[in-house]
Amino acid sequence: MATQKDYYNLLGVPRDATEEQIRRAFRGLAMEWHPDRNKAKDAGERFKEINEAYQVLIDPEKRRMYDRFGRADIDPNGGWPGRGFDGFDFPGGVGDIFDAFFGGFRGQANTSAKGRDLQYSMTITFEEAALGVEREVQITRQEICGRCSGELAEPGTQKEQCVNCSGSGQVRRTQSSVFGQFVQVVACSACRGLGQTILSPCTTCRGTGREKSTRKVMVNVPAGVEDGMRVRLAGEGDAGVNGGRPGDVFVSLSVKPHPYFRRDKENLVFDLPLHVAHAALGTTIEVPMLAGELETFEVPAGVQSGTILRKRGKGVPNLHNGRLGDLIGLVTVMTPQKMSPRTRELFEELSESLDDDEEAYATNGVKSWFRKLKDVLTGESG
Ligand SMILES: [Zn+2]
Ligand SMILES: [Zn+2]
């Protein structure tokens, strides 16, 4: 809705306008754009905008917030902090006229309106989120009745002009306000604004012009989606009213977890536990990837716990630019908790050998700490 409007521009007043200037500008514009005086198609919308601008600028608190946070931060639908905004609480009782007027217009049957949006949810696998998938969903929506084509009457039967409104669909009521006399136009209650009386309602839709229909729709889930995202199927929602465009379908995705991969945006992350010998000597591992292929991962000799091993471009595509993230292995070096006598023997041998091997830890800064600890244990001083 009108969230991006410049309220000062709308009223045609300078940013330092006085209350009186704002009031005067509003009165002039309201007279000009009131939909009962102005027959332009967008007069109603303009009048609403002008009203909205006036309500903000005439209220010192709202105006201060508007000046401070700028127009992008103003969301009339979201309401103002601490104060309701939707109520159109006009000073001087004008709000009553306004509400009555637009209330009447909104209810009028020959006003077109967008069809309802529909919400669905869908569970996909981790692989499908990363690689993309096409899936069929069954949606139930309101469509234009196929039998009467939305004409409400049984095909071939006659409609009669409504006697209450003489076929106009509208009933006019006069009301006075600070702007002078206004005619309030409301939908005729006898014919619900149609202007016609249906003698034989359509047997399929019983005179509603709409029928429920369940159909299958293809959902194209692009590669790179994440849990909680929504896919929009434009125009697949309920049919619009009186020529209005149809609503949309929103499909919320929930992504099942993977046994060993997880996502960090476009990066594909996995834990890589290595036993101490592999970590020390280096190794090559094969990672089964999402599409079933094997990715070879070279683990360099002397790798430490916490090391991040990365293969560029083997992750998931970015939703917006298609660029591929990385495959990331997080190394944890594992020491054996239960050992066979043979393994134990080897470790003891290894231990003695490492005690004597000054160079074993030379490359990673652990040496000084290791050396110091050894000195403490053997009672030598540094
Ligand atoms: Zn029908
Ligand atoms: Zn009528």
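Rules behind the numbers
Residues numbered from 1 in each chain as written. Chains lettered and ligands numbered in written order. Predicted model: local features only at pLDDT ≥ 70, side-chain atom pairs only at ≥ 80, totals over all residues. Helix = DSSP H or I, 4+ residues; strand = E, 2+ residues; numbered from the N terminus. Buried ≥ 20, exposed ≤ 12 C-beta atoms within 10 Å, placed from the backbone. Contact = placed C-beta atoms within 7 Å. Pairing = 2+ DSSP bridges. Axes fitted to C-alpha atoms, helices over the stretch in contact; angles between N-to-C directions. Expected span 1.5 Å × (residues − 1). Parallel < 35°, antiparallel > 145°, perpendicular 65-115°, else oblique. Left-handed = near helix turned anticlockwise from the far one by under 90°. Nonpolar A, V, L, I, M, F, W, Y, C, P; charged D, E, K, R; others polar. Core = buried A, V, L, I, M, F, W, Y, C linked by C-beta atoms within 7 Å. Arc of directions from axis to C-beta. pLDDT = per-residue confidence, 0-100.

1. So, the overall build of the protein
Next up, step 1: Helix and strand content of the protein: nine helices and 15 strands.
Next up, step 2: Residues counted as buried form 18% of the 382 residues belonging to the protein.
Next up, step 3: Contacts in the protein between residues far apart in sequence, at least 24 positions, make up 64% of those at least 6 positions apart.

2. Quick word on the sheet that holds strand E15 (residues 327–334)
Picture the strands of a sheet paired through backbone hydrogen bonds; they go either parallel or antiparallel.
Next up, step 1: An order of E10-E11-E15-E14 is seen for the four strands of this open sheet, with the pairing classed as mixed. Here the strands that pair on one side only, and so sit at the sheet edges, are strand E10 (261–264) and strand E14 (308–311). The average undirected angle you get between the axes of adjacent strands in this sheet is 30°.
Next up, step 2: Across four bridges, E10 lies against strand E11 (residues 267–275) in antiparallel orientation. Paired with Arg-263 across the strands is Leu-268, a residue of E11.

3. Quick notes on helix H3 (residues 43–57)
Since there are 3.6 residues in each turn of an α-helix, residues three or four apart along the chain are aligned in direction.
Next up, step 1: In this model, H3 (15 residues) spans 21 Å end to end at C-alpha, consistent with the 21 Å of a helix rising 1.5 Å per residue.
Next up, step 2: Residues of H3 that are buried include every one of Phe-47, Glu-49, Ile-50, Asn-51, Ala-53, Tyr-54, Gln-55, Val-56 and Leu-57, and no others.

4. Comments concerning the packing of helix H2 (residues 19–33) against H3
Next up, step 1: For the pair H2 and H3, interaxial distance at closest approach is 9 Å and the crossing angle is 165°. Between H2 and H3, the angle is such that the two are roughly antiparallel. H2 and H3 meet at a crossing whose hand is left-handed. Each of Ile-22, Phe-26, Leu-29, Ala-30 and Trp-33 in H2 lies in contact with H3, whose residues at this interface are Ala-43, Arg-46, Phe-47, Ile-50, Tyr-54 and Leu-57.
Next up, step 2: Per-class residue counts for the contact of H2 with H3 are ten nonpolar, no polar and one charged.

5. Some words on the sheet that holds strand E1 (residues 118–124)
Next up, step 1: Ordered by their spatial adjacency, three strands build an open sheet running E1-E9-E8, and the pairing between neighbours is mixed. In this open sheet, the two strands that pair with only one neighbour each are E1 and strand E8 (230–233). For this sheet, the mean inter-axis angle between neighbouring strands, taken without regard to orientation, is 25°.
Next up, step 2: Two elements, E1 and strand E9 (residues 249–255), share seven bridges in a ladder whose sense is parallel. Its bridge partner lying in E9, Ser-121 is registered against Ser-252.

6. Remarks on the nonpolar core
Next up, step 1: In terms of nonpolar packing, the biggest core is built from 16 residues, with Tyr-7, Leu-11, Phe-26, Ile-50, Ala-53, Tyr-54 and Leu-57 touching the most fellow members.
Next up, step 2: Among the elements that make up this core, the one with the highest residue count is H3 (six residues).
Next up, step 3: Setting aside chain neighbours within four positions, we find Ile-50 in contact with Leu-10, Leu-11, Phe-26, Leu-29, Ala-30 and Trp-33.
Next up, step 4: Counting residues in each nonpolar core, the second largest holds twelve residues, with Ala-129, Val-255, Phe-261 and Leu-327 among its members.

7. Let's talk about H2
Next up, step 1: Along its 15 residues, H2 runs 21 Å from first to last C-alpha, staying within 8% of the 21 Å computed at 1.5 Å per residue.
Next up, step 2: All of the buried residues along H2 are Ile-22, Ala-25, Phe-26, Leu-29 and Trp-33. Angular distribution of buried residues about the axis of H2 spans 100°; they occupy a single face of the element. Exposed residues lying more than 90 degrees from the buried face of H2 are Glu-20 and Met-31.
Next up, step 3: The elements touched by buried residues of H2 are helix H1 (7–11) and H3.

8. Structural notes on unusual backbone geometry
Next up, step 1: Even without a glycine there, the phi angle at Leu-152 is positive, about 75°.
Next up, step 2: Among the secondary structure elements, Leu-152 is positioned in the loop between strand E2 (133–144) and strand E3 (159–161).
Next up, step 3: For Leu-152, a count of 21 C-beta atoms within 10 Å gives the class buried.

9. Quick look at the confidence of the model for the protein
Predicted coordinates in regions of low pLDDT should not be interpreted in detail.
Next up, step 1: Per-residue pLDDT for the protein averages 81, and the proportion of residues at 70 or more is 81%.
Next up, step 2: Across residues 71–109, where pLDDT falls below 50, the model places 53 contacts with residues more than four positions away in sequence or in other chains.

10. Side note on the environment of Ser-252
Next up, step 1: Checked against the element boundaries, Ser-252 lands in strand E9.
Next up, step 2: Ser-252 gets classed as partly exposed once you count the C-beta atoms within 10 Å, which come to 14.
Next up, step 3: Once the C-alpha coordinates of Ser-252 and Gln-119 are considered, the two residues, 133 residues apart in sequence, prove to be 7.5 Å apart.
Next up, step 4: Other than its neighbours up to four places away in sequence, Ser-252 contacts Gln-119, Ser-121 and Arg-230.

11. Details of the environment of Val-255
Next up, step 1: Examined against the element boundaries, Val-255 turns out to sit in strand E9.
Next up, step 2: You can call Val-255 buried: it has 21 C-beta atoms within 10 Å.
Next up, step 3: Each C-alpha atom of the pair Val-255 and Gly-228 lies 7.8 Å from the other, and the pair is 27 residues apart in sequence.
Next up, step 4: If sequence neighbours within four positions are ignored, Val-255 has contacts with Ile-124, Phe-126, Ala-129, Glu-226 and Asp-227.

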